[in-house]
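# Summary of the model geometry
So the chains spell out like this:
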Amino acid sequence: MGYLTYGNTAAPIEVDDALLTHLRLVIVTKLRRNESFPLTLPLRSGVAETLWLHASIPLRFAIEDEAAIDRPLVVAMMNAASSSGGLDVTREEFAASAVGARTLHAMSA
(Lines give C-alpha, C1' and ligand atoms only; values in the text may rest on other atoms or scores of the structure.)
Protein backbone atom coordinates (compact mmCIF):
# COMPACT_ATOMS: atom_id res chain seq x y z
CA MET A 1 0.00 0.00 0.00
CA GLY A 2 1.14 3.48 -0.83
CA TYR A 3 0.21 6.86 0.58
CA LEU A 4 -0.82 10.18 -0.89
CA THR A 5 -0.39 13.17 1.39
CA TYR A 6 -2.28 16.25 0.26
CA GLY A 7 -2.03 19.78 1.56
CA ASN A 8 -0.83 20.48 5.06
CA THR A 9 -2.75 17.59 6.60
CA ALA A 10 -0.87 15.02 8.65
CA ALA A 11 -3.26 12.23 7.61
CA PRO A 12 -2.05 10.43 4.45
CA ILE A 13 -4.58 8.75 2.18
CA GLU A 14 -3.89 5.04 1.70
CA VAL A 15 -3.95 3.99 -1.97
CA ASP A 16 -3.13 0.69 -3.66
CA ASP A 17 0.44 0.81 -5.05
CA ALA A 18 -0.63 -0.07 -8.62
CA LEU A 19 -3.27 2.64 -8.64
CA LEU A 20 -0.96 5.17 -7.00
CA THR A 21 1.78 4.47 -9.57
CA HIS A 22 -0.68 5.43 -12.33
CA LEU A 23 -2.12 8.35 -10.39
CA ARG A 24 1.33 9.81 -9.83
CA LEU A 25 2.02 9.78 -13.57
CA VAL A 26 -1.31 11.45 -14.38
CA ILE A 27 -1.14 14.00 -11.56
CA VAL A 28 2.45 15.04 -12.24
CA THR A 29 1.72 15.39 -15.96
CA LYS A 30 -1.39 17.51 -15.35
CA LEU A 31 0.28 19.74 -12.75
CA ARG A 32 3.40 20.15 -14.89
CA ARG A 33 1.06 21.53 -17.57
CA ASN A 34 -0.43 23.83 -14.93
CA GLU A 35 -3.81 22.07 -15.23
CA SER A 36 -5.83 21.78 -12.02
CA PHE A 37 -8.50 19.10 -11.66
CA PRO A 38 -10.65 17.24 -9.11
CA LEU A 39 -9.53 13.79 -7.94
CA THR A 40 -11.98 11.49 -6.16
CA LEU A 41 -10.47 8.71 -4.04
CA PRO A 42 -12.05 5.98 -1.91
CA LEU A 43 -11.15 6.09 1.77
CA ARG A 44 -10.83 3.06 4.05
CA SER A 45 -14.01 4.15 5.84
CA GLY A 46 -15.98 3.50 2.64
CA VAL A 47 -16.45 7.20 1.97
CA ALA A 48 -15.19 8.87 -1.21
CA GLU A 49 -13.21 12.10 -0.88
CA THR A 50 -12.70 14.64 -3.65
CA LEU A 51 -9.53 16.75 -3.68
CA TRP A 52 -8.90 19.79 -5.86
CA LEU A 53 -5.40 19.25 -7.23
CA HIS A 54 -3.45 22.41 -7.95
CA ALA A 55 0.27 23.00 -8.36
CA SER A 56 0.35 25.38 -5.37
CA ILE A 57 -0.92 22.74 -2.92
CA PRO A 58 1.72 20.42 -1.38
CA LEU A 59 1.43 16.82 -2.55
CA ARG A 60 3.55 13.78 -1.66
CA PHE A 61 3.52 10.22 -2.98
CA ALA A 62 4.90 7.25 -1.03
CA ILE A 63 4.83 4.03 -3.04
CA GLU A 64 6.04 0.77 -1.55
CA ASP A 65 6.09 -1.35 -4.74
CA GLU A 66 5.82 0.46 -8.06
CA ALA A 67 3.71 -1.31 -10.66
CA ALA A 68 4.27 -1.60 -14.40
CA ILE A 69 2.52 1.16 -16.33
CA ASP A 70 -0.61 0.30 -18.33
CA ARG A 71 -0.72 2.87 -21.13
CA PRO A 72 -4.47 2.48 -21.92
CA LEU A 73 -5.22 3.04 -18.23
CA VAL A 74 -3.09 6.20 -18.18
CA VAL A 75 -4.86 7.50 -21.30
CA ALA A 76 -8.28 6.79 -19.73
CA MET A 77 -7.21 8.52 -16.51
CA MET A 78 -5.86 11.55 -18.39
CA ASN A 79 -9.11 11.83 -20.34
CA ALA A 80 -11.15 11.60 -17.15
CA ALA A 81 -8.93 14.17 -15.40
CA SER A 82 -9.50 16.55 -18.32
CA SER A 83 -13.29 16.12 -18.17
CA SER A 84 -15.67 18.35 -16.23
CA GLY A 85 -16.14 15.63 -13.59
CA GLY A 86 -12.42 15.10 -13.07
CA LEU A 87 -10.67 11.84 -12.26
CA ASP A 88 -12.88 9.61 -10.11
CA VAL A 89 -10.93 6.45 -9.25
CA THR A 90 -13.90 5.03 -7.37
CA ARG A 91 -15.20 4.11 -10.83
CA GLU A 92 -14.68 0.41 -11.42
CA GLU A 93 -12.93 0.87 -14.77
CA PHE A 94 -9.88 2.36 -13.04
CA ALA A 95 -9.63 -0.09 -10.15
CA ALA A 96 -10.06 -3.12 -12.42
CA SER A 97 -7.62 -1.87 -15.07
CA ALA A 98 -4.71 -1.35 -12.68
CA VAL A 99 -4.58 -5.08 -11.92
CA GLY A 100 -3.66 -6.02 -15.49
CA ALA A 101 -0.86 -3.47 -15.86
CA ARG A 102 1.98 -4.14 -18.25
CA THR A 103 5.35 -2.53 -18.85
CA LEU A 104 5.40 0.73 -20.76
CA HIS A 105 8.43 1.13 -23.02
CA ALA A 106 8.00 4.70 -24.20
CA MET A 107 5.52 7.49 -23.67
CA SER A 108 5.42 11.20 -24.37
CA ALA A 109 3.52 13.66 -22.23
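Located above this text is the structure these notes cover.
Our subject in this report is the structure included herewith.

Cut-offs used in this document
Residues numbered from 1 in each chain as written. Predicted model: local features only at pLDDT ≥ 70, side-chain atom pairs only at ≥ 80, totals over all residues. Heavy atoms only, no water. Helix = DSSP H or I, 4+ residues; strand = E, 2+ residues; numbered from the N terminus. Buried < 20%, exposed > 50% of the residue type's maximum accessible area, 1.4 Å probe, protein only. Contact = heavy atoms within 4.5 Å. Pairing = 2+ DSSP bridges. Axes fitted to C-alpha atoms, helices over the stretch in contact; angles between N-to-C directions.

## A word on the overall build of the protein chain
- Assigned secondary structure in the protein chain consists of three helices and six strands.
- Along the protein chain, from the amino end to the carboxyl end, the secondary structure elements read β-β-α-β-β-β-α-β-α.
- Scored against the burial criterion, the 109 residues of the protein chain give a buried share of 36%.
- Residue pairs at least 24 apart in sequence account for 65% of intrachain contacts in the protein chain once pairs closer than 6 positions are excluded.

## Observations regarding the environment of Ser83
- Following the sequence through the fold, Ser83 ends up in the loop between α2 (71-81) and β6 (87-88).
- According to the relative accessible area criterion, Ser83 is partly exposed, its value standing at 35%.
- C-alpha of Ser83 to C-alpha of Pro38: the two residues are 45 residues apart in sequence and 9.5 Å apart in space.

## Observations regarding the sheet that holds strand β1 (residues 2-6)
- Strand order in the open sheet made by the three strands is β2-β1-β5, with antiparallel pairing throughout. With one partner strand each, in any of the chains shown, β2 (13-15) and β5 (59-62) form the two edges of the open sheet. Direction aside, the axes of adjacent strands within the sheet are offset by 20° on average.
- Judged from the three bridges that link them, β1 and β2 form a sheet pairing that is antiparallel. For Gly2, the partnering residue across the bridge sits in β2 and is Val15.

## Digging into the sheet that holds strand β3 (residues 37-42)
- Taken in spatial order, the three strands make up an open sheet running β4-β3-β6, and their pairing is mixed. Sheet topology places β4 (48-53) and β6 at the edges, where each strand pairs with a single neighbour.
- Relative to β6, β3 runs parallel, the two sharing two bridges. Paired with Thr40 across the bridge in β6 is Asp88.
- Along the sheet, helix α1 (residues 17-32) contacts β3, β4 and β6; its crossing angle with β3, the most-contacted strand, is approximately 165°.

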